[in-house]
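Structure at a glance
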Amino acid sequence: ITLIGLLVFIKSSDYQFNFSNIFQYTYNGWQYLLLASLLLIISVYFRALRWHYLFNIKSNNSKLLLESQFIGYFINNILPIRVGDVARSYIVAKKTNNTTSYILGSIVMERFLDIVMVLLLMLIIIYNKGSAYLDIDLSSTFLILSIIPFLAYLGYRSIIFIPIKIRNILN
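Structural notes, computed from the coordinates.

What counts and how
- Residues numbered from 1 in each chain as written.
- Predicted model: local features only at pLDDT ≥ 70, side-chain atom pairs only at ≥ 80, totals over all residues.
- Heavy atoms only, no water.
- Axes fitted to C-alpha atoms, helices over the stretch in contact; angles between N-to-C directions.
- Helix = DSSP H or I, 4+ residues; strand = E, 2+ residues; numbered from the N terminus.
- Parallel < 35°, antiparallel > 145°, perpendicular 65-115°, else oblique.
- Left-handed = near helix turned anticlockwise from the far one by under 90°.
- Contact = heavy atoms within 4.5 Å.
- Core = buried A, V, L, I, M, F, W, Y, C linked by side-chain atoms within 4.5 Å.
- Buried < 20%, exposed > 50% of the residue type's maximum accessible area, 1.4 Å probe, protein only.

Some thoughts on the packing of helix α3 (residues 30–55) against helix α4 (residues 62–78)
Two numbers describe a pair of packed helices, the interaxial angle and the distance between the axes. Where α3 meets α4, the closest approach of the two axes is 9 Å, and the angle between their N-to-C directions is 120 degrees. The angle between the axes of α3 and α4 places the two elements in the oblique class. As for how α3 packs across α4, the hand of that crossing is right-handed. Residues Ile41, Val44, Tyr45, Arg47, Ala48, Trp51 and His52 of α3 form the contact with α4, whose participating residues are Leu65, Leu66, Ser68, Gln69, Phe70 and Tyr73.

The structure is reproduced here in C-alpha cells:
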C-alpha cells in the first residue's frame, strides 16, 4: 500500500521528484531528523505511561506498553483502518492478565480522550485568538462542538443492535 502511494505521489509530481534531493535534505538537516525522532520516542513513552495509569493496565512492565505502542504505530503506518491498535491490544493482553476486549476498550477510550483534548484546545484557541482572526463563524463552531458529543452519546444509547460484547467493550 505504501509503495503504491509513493508511486502515485511520484507520478502526480510529473516526475520532478528526485531521490537525491531527499537524501540531500536529510544530510543537510540530520539534526532536525534526530530531534524529531527523539521527541517522537519521548511522546510515545508518555503515552504508554498515560495508558498505564489511566486504565490500570495490570502490568508492572512499562517497557511492554512502550514496545506495544511502537508496534501498533508501525502497523498503523503500513496497514489501513488502525489494525495496529488491534495488534497492540492483542500483544498487551497476551503478556498481561487482562482480556483483549479490556485492552481494546482502553485503546478506544484513549482515542476518545485524544479527541476531547483536541476539541478543548480548539476552544482555547478560538477563545484566545477570536473568531475574526481565524475567519470562522463563532456561533456555528460552538454549536457544532457542543452537539457532536451529545449526538454521539445519544447514538450510543439508542442503537439497539450493538452486540453485547461490543457494548461491554465500549462500557
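Considerations on the nonpolar core
Judged by nonpolar contacts, Val44, Ala48, Trp51, Phe55, Leu65, Leu66, Tyr73, Val92, Ala93, Ile103 and Ile107 together constitute the single largest core of 11 residues. Those elements that provide at least two residues to this core are α3, α4, α5 (83–95) and α6 (100–129). In contact with alanine 48, other than residues within four places in its own chain, are Leu65, Leu66 and Gln69.

Note that every value here comes from positions in space, so none of it alone points to a role or purpose.
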